[in-house]
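The residues making up each chain are set out below.
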Amino acid sequence: MMLIVYIHMLWKNSICLQVNQLNFMVILENMNLMHLDFFYCKITAPDNLMHPILQTHVKINKGIRTIVPLGNGANMIFSAEMDNAKKYGYQFEILWGYKFKPKNIFKSYVETLYDLRLKFPKFNPLNLIAKLLLNSLYGRFGMDDKFPNITIFYNFKSFKSWYNNHNEDIISFNELGDRVLVQHRSELKDQQTELYGTLETHNVSINIASAITAYARIHMSQFKNNPNFRLYYSDTDSIYIDRPLPDYLVNSKVLGKMKLEYILDEAIFLAPKVYYLKTNEGEIIYKVKGLKHSIELSLNDFENLLFNFCSCFNKSTSI
C-alpha cells in the first residue's frame, strides 16, 4: 500500500519566497564568486544518487525533452538551487553569471488571493478566479512577449486604405461579414521586443519565472533520496511513497504543506504523466499524456505496456 500526497499550492508558496526583481545586472566572467543569482557553470553530479535533482533540456527528433542526468555537463543555474544541490554532492565551477537585486514582490498578492480561495467553495466563481490568477502569475513573467497586434476594420474600404501602408506587417486576415480581422506586427515592434540596442521594452521577466520554478524544485528535492521512505514516482507537485509523511509536513489548508490525496492498493508508472492507479476505495485513476480522456484504458493495457517494455529492455541489454 502506498500513499500519494500532493504539494498544496506549490508554485504559490514558491512565489512567496524571495524572488528576484530586475534592478541591475552585471556579467562576471571566469570568476569563482558565490551568491550570484544566475550563473553558467560546469557541473559534476555525484554518481551515487538514485534520484538526481538538477534538470536540463536536450534536443530530440520531436522537440525538446527534460532530463535529470548524472555525469558532467554545463548549464545555467539559479544560486539557491546550486546551494541546495551541494548538499547532495554536486560540484560546480562558475564561469559567468548575472546578478539581480533580490526583493519579495509577490507575498501580499499571493496571500490575499489564497485567503480568498479558502473563503469560498470550489464551485464559487471567486474561488476559480483566484485560482486562475495564482496559477498564471509566474508563467506570465516567463512567456514570449512577441505578440501580434489585432485590429478589426469595420468595412473593407478602411482595411484597404490601411493595407496600402502596412501590407508588409500583415500576418493573416479574416473576413467577418462586412468586417476584417487582421493580425499584424511591425518591424518597429520587433525592435522593441528583441535585443536591439537600447530600443527593446519587455513586459516579462525571465529571471522571476526561473527563480520561482527553481524554488519549487528545491522544495520537492527534500522528498527525493530520502532514507525515511521509498519514492516510486514524482511529478511537478506530487510524490508517491510507501509510508506516511510526518504530521508537521501535512496540512491541506496551509500554503506549501503537503495534502494527502489518495491511498493506493495498486499502481503502474510507465513514464512522466503515464500511470495507472487503484485506490484503497476501488477508484481507478489513469493518465496518459496526449491521449484523449474519452479513450478508456484498463489495467491490462498498462500491464501489457509494462511487460512489453521490460521484454524489449532485457533483449536489448543481452545483445
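Preceding block: the structure.
Below you will find a few notes about this structure. Not measured: the values here are computed from a predicted model.

Cut-offs applied
- Residues numbered from 1 in each chain as written.
- Predicted model: local features only at pLDDT ≥ 70, side-chain atom pairs only at ≥ 80, totals over all residues.
- Heavy atoms only, no water.
- Patch = residues over 30% accessible without salt bridge, like charges linked within 9 Å, V, L, I, M, F, W, Y side chains within 5 Å.
- Areas by Shrake-Rupley, 256 points an atom, 1.4 Å probe, with all protein chains shown as cover.
- Salt bridge = Lys/Arg side-chain N within 4 Å of Asp/Glu carboxyl O.
- Helix = DSSP H or I, 4+ residues; strand = E, 2+ residues; numbered from the N terminus.
- Buried < 20%, exposed > 50% of the residue type's maximum accessible area, 1.4 Å probe, protein only.
- Core = buried A, V, L, I, M, F, W, Y, C linked by side-chain atoms within 4.5 Å.
- Contact = heavy atoms within 4.5 Å.
- Axes fitted to C-alpha atoms, helices over the stretch in contact; angles between N-to-C directions.
- Parallel < 35°, antiparallel > 145°, perpendicular 65-115°, else oblique.
- Left-handed = near helix turned anticlockwise from the far one by under 90°.
- Phe/Tyr/Trp six-rings, centres within 6.5 Å; stacked < 30°, edge-to-face > 60°.
- Pairing = 2+ DSSP bridges.
- Nonpolar A, V, L, I, M, F, W, Y, C, P; charged D, E, K, R; others polar.

Before going further, it helps to spend a moment on a nonpolar patch on the surface. Judged by side-chain polarity, Tyr-109, Leu-126, Ile-129 and Leu-133 come together as a nonpolar surface patch covering roughly 330 Å² of accessible area. Considering every element that reaches the nonpolar patch, the biggest residue donor is helix 4 (residues 125–142), with 3 residues. Structurally, Leu-133 can be placed in helix 4.

It is worth spelling out the pattern of salt bridges at this point. With the rule as written, the count across this model stands at 6 salt bridges. Put simply, Glu-81 and Arg-217 hold a salt bridge, and the shortest N to O gap is 2.8 Å. One end of the pair, Glu-81, is in helix 2 (residues 79–86); the other, Arg-217, is in helix 7 (residues 206–221), with 136 residues separating them in the sequence. On the accessibility criterion, Glu-81 (6% relative accessible area) is buried. The class of Arg-217 is partly exposed, set by a relative accessible area of 29%. Between Glu-261 and Lys-259 there is a salt bridge whose closest N-O contact spans 3.6 Å. Judged by its relative accessible area of 25%, Lys-259 falls in the partly exposed class.

Moving on, we come to the nonpolar core. Soluble globular proteins tend to bury their nonpolar side chains together. By size, the foremost hydrophobic cluster in this structure holds 13 residues, and its most contacted members are Cys-41, Ile-43, Leu-54, Ile-77, Ala-85, Tyr-90 and Phe-92. Elements represented by at least two residues in this core include exactly strand 4 (38–44), helix 2 and strand 8 (91–98).

Now for helix 2. For helix 2, every residue scored as buried is listed here: Ser-79, Glu-81, Met-82, Asn-84 and Ala-85. Among the structural elements, strand 4, strand 7 (72–78), strand 8 and helix 7 are those in contact with the buried residues of helix 2.

A few words on the packing of helix 3 (residues 107–119) against helix 4. Between helix 3 and helix 4, whose axes approach to 8 Å, the crossing angle comes to 150°. Regarding the angle of helix 3 to helix 4, the classification is roughly antiparallel. Between helix 3 and helix 4 lies a crossing of left-handed hand. Taken together, the residues of helix 4 that come into contact with helix 3 (itself represented by Tyr-109, Val-110, Leu-113, Tyr-114, Leu-116 and Arg-117) are Leu-126, Asn-127, Ala-130, Lys-131, Leu-133, Leu-134 and Leu-137.

Bringing the side chain of Asn-127 into the picture now. Its location among the elements puts Asn-127 in helix 4. Setting aside anything within four residues of it in sequence, one finds Asn-127 in contact with Arg-117, Phe-120, Pro-121 and Lys-122.

Attention shifts here to the packing of aromatic side chains. Applying the stated criterion across every chain yields a total of 21 aromatic pairs. Ring plane angle 45° and centroid distance 5.3 Å describe the contact between Phe-153 and Trp-162, whose orientation is recorded as tilted. For Trp-162, a relative accessible area of 16% puts it in the buried group. Ring geometry for Tyr-286 against Phe-302: centres 6.1 Å apart, planes inclined by 50°, an arrangement best described as tilted. You can see Tyr-286 sitting in strand 17 (residues 284–288) and its partner Phe-302 sitting in helix 8 (residues 299–318), a full 16 residues away along the chain.

The next subject is the sheet that holds strand 11 (residues 170–176). The strand order across the open sheet built from 3 strands is 10-12-11, with neighbouring strands paired in antiparallel fashion. The outermost strands of the open sheet, each flanked by one partner alone, are strand 10 (149–153) and strand 11. Ignoring which end each strand starts from, the neighbouring axes of this sheet average 15° apart. Pairing between strand 11 and strand 12 (residues 179–184): 6 bridges, direction antiparallel. Across the sheet, residue Glu-175 finds its bridge partner in strand 12, namely Val-180. Packed onto the sheet, helix 5 (residues 156–166) meets strand 10, strand 11 and strand 12 and runs at close to 170° relative to strand 11.

With that settled, the discussion passes to unusual backbone geometry. Unlike most non-glycine residues, Asn-225 shows phi in positive territory, near 60°. Tracing the backbone shows Asn-225 in the loop between helix 7 and strand 13 (231–235). Of note, the phi angle at Lys-273 is positive, near 60°, even though the residue is not glycine. Here Lys-273 lies in the loop between strand 15 (258–271) and strand 16 (274–279).

Bringing the environment of Glu-281 into the picture now. You can see Glu-281 is positioned in the loop between strand 16 and strand 17. For Glu-281, a relative accessible area of 72% translates into the label exposed. When the C-alpha positions of Glu-281 and Tyr-262 are compared, they lie 9.2 Å apart, and in sequence the two are 19 residues distant.

At a minimum axis separation of 9 Å, helix 2 and helix 7 run at an interaxial angle of 20°. With respect to helix 7, the axis of helix 2 lies roughly parallel. At the point where helix 2 passes helix 7, the crossing takes the left-handed sense. Contacts between helix 2 and helix 7 pair Ala-80, Glu-81 and Asn-84 from the former with Ala-214, Tyr-215, Arg-217, Ile-218 and Ser-221 from the latter. Tallied by class, residues from the contact of helix 2 with helix 7 come to 4 nonpolar, 2 polar and 2 charged.

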